[in-house]
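Per-entry structural report
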Amino acid sequence: EGPDGSGKSSLVPPLAAALAAGGCEVVTTREPGSTPLGELMRRLVLDVEPPIDRGGRADALLFAASRAQHVDEVIAPALARGAVVLCDRYADSSLAYQGAGSGVPMDQLREVQRFATGGLVPDLTILLDLPVEVGVARKSAEITRFEAFQDTAYHERVRAAFLGFAAAEPDRYAIVDGAGDPETVLAGAV
Ligand code: TYD
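Residues numbered from 1 in each chain as written. Predicted model: local features only at pLDDT ≥ 70, side-chain atom pairs only at ≥ 80, totals over all residues. Heavy atoms only, no water.

**Some points on the packing of aromatic side chains**
With the rule as written, the count across this model stands at 3 aromatic pairs. Where Tyr97 meets Tyr154, the ring centres are 6.3 Å apart and the plane angle is 50 degrees; that geometry is what we call tilted. Of this pair, Tyr97 sits in helix α4 (residues 91–101) while Tyr154 sits in helix α8 (residues 152–168), and the two are 57 residues apart along the sequence. Here Tyr97 falls in the buried class, since its relative accessible area comes to 6%. Ring geometry for Phe162 and Phe165: centres 6.3 Å apart, planes at 85 degrees, overall edge-to-face. Of this pair, Phe162 and Phe165 both sit in helix α8, 3 residues apart, which is roughly one turn of the helix. When its relative accessible area of 10% is taken as the criterion, Phe165 is described as buried. (Phe/Tyr/Trp six-rings, centres within 6.5 Å; stacked < 30°, edge-to-face > 60°. Helix = DSSP H or I, 4+ residues; strand = E, 2+ residues; numbered from the N terminus. Buried < 20%, exposed > 50% of the residue type's maximum accessible area, 1.4 Å probe, protein only.)

Laid out in structure tokens, this is it:
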């Protein structure tokens, strides 16, 4: 997990390789995406043209629909056969973005996540934390329409929310400084 531009997508391949070198089957996956419905949802949610105004609740349900399919089709079967699943974003992204960012009530959002995931919670969540301006600058070349709608205050709320989740669940969360170079970030995550 992490704010925009925190480097999750760059970290996943080398981290998966490190896990696989340890002898486990590794399944890498991302949200939104990773199933036919999820990839369709990704285009709908992130890059629809012309842009359609949506509220946080609508976004929460769209992301949750994609997540439900993702759990059923990809994550649960992989876990059932003993694989390690490395997922780029999951339910806490909805809590951070739609909850802290867009103001959807957190308790309701947590219920939606339970419904979407069937209560499946990661064993470990690696939070790549970095200052908002560093992340946004990294992403400026590939900003999607979804992200273009959000201002700095929104991203600050997202970052603070992730840090709050990590503080509340220190056993599940590991915070890694996402501002460093790729090798340092990988070393932190491993
Ligand atoms: P993504 O393309 O994975 O971007 P990044 O490289 O920053 O991770 O994520 C797309 C955007 O979707 C990102 O701004 C976060 C947002 N998002 C939500 O708002 N809610 C969610 O539940 C998920 C999974 C993503």
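**Examining the nonpolar core**
Formed by 14 residues in total, the largest nonpolar core has its most connected members in Ala96, Tyr97, Val158, Phe162, Phe165 and Tyr173. Secondary structure elements with two or more residues in this core: α4 and α8. In terms of residue count, α8 provides more of this core than any other element does, 6 residues in total. Once residues lying within four places of it in the same chain are set aside, the contact partners of Ala96 are Gly101, Val158, Ala161, Phe162 and Phe165. Core analysis: the next-biggest nonpolar cluster, separate from the first, contains 10 residues, Val12, Ala16, Ile126 and Val176 among them. (Core = buried A, V, L, I, M, F, W, Y, C linked by side-chain atoms within 4.5 Å. Contact = heavy atoms within 4.5 Å.)

**Let's talk about the pattern of salt bridges**
Applying the stated rule across the entire model yields 10 salt bridges. Measuring nitrogen to oxygen at the nearest pair gives 2.8 Å for the salt bridge that ties Arg81 to Glu25. Of this pair, Arg81 sits in the loop between α3 (56–80) and β2 (84–88) while Glu25 sits in the loop between α1 (8–21) and β1 (26–30), and the two are 56 residues apart along the sequence. Judged by its relative accessible area of 51%, Arg81 falls in the exposed class. Between Arg159 and Asp129 there is a salt bridge; the shortest N-O distance is 2.8 Å. Residue Arg159 is located in helix α8, and its partner Asp129 is located in strand β3 (residues 125–129); the two are separated by 30 residues in the primary sequence. By relative accessible area, Arg159 is classed as partly exposed at 21%. Taken together, the salt bridges that share partners define one network made up of Asp92, Glu169 and Arg172. (Salt bridge = Lys/Arg side-chain N within 4 Å of Asp/Glu carboxyl O.)

**Comments concerning the site of the ligand**
With respect to spatial proximity, 17 residues lie near the ligand, and among them Lys8, Arg42, Arg67, Ser94 and Gln98 are the closest. Arg67 has a polar side-chain atom sitting 2.9 Å from an oxygen atom of the ligand. Gln98 places a side-chain nitrogen or oxygen 2.8 Å from an oxygen atom of the ligand. Alone, the ligand offers 540 Å² of accessible surface; in the complex the protein occludes 94% of this. Contributing elements (two or more residues each) for the shell around the ligand: α1, α2 (36–47), α3, α4 and α7 (145–148). It is α4 that contributes the most residues to the shell around the ligand, 4 residues altogether. (Near = heavy atom within 4 Å. Polar contact = N/O pair within 3.5 Å; in protein donor to acceptor, adjacent residues only side chain to side chain. Areas by Shrake-Rupley, 256 points an atom, 1.4 Å probe, with all protein chains shown as cover.)

**Comments concerning the packing of α2 against α3**
When two helices pack together, their arrangement is given by the angle between their axes and by how far apart the axes lie. Two numbers describe how α2 lies on α3: the axes approach to 8 Å, and their chain directions differ by 160 degrees. Classified by the angle between their axes, α2 and α3 sit roughly antiparallel to one another. Read as a crossing pair, α2 and α3 show a hand that is left-handed. Residue-level inspection shows Pro36, Leu37, Gly38, Met41, Leu44 and Val45 of α2 in contact with α3, the latter providing Asp59, Leu62, Phe63, Ala65, Ser66, Gln69 and Glu73. Of the residues assigned to the contact of α2 with α3, the class counts are 8 nonpolar, 3 polar and 2 charged. (Axes fitted to C-alpha atoms, helices over the stretch in contact; angles between N-to-C directions. Parallel < 35°, antiparallel > 145°, perpendicular 65-115°, else oblique. Left-handed = near helix turned anticlockwise from the far one by under 90°. Nonpolar A, V, L, I, M, F, W, Y, C, P; charged D, E, K, R; others polar.)

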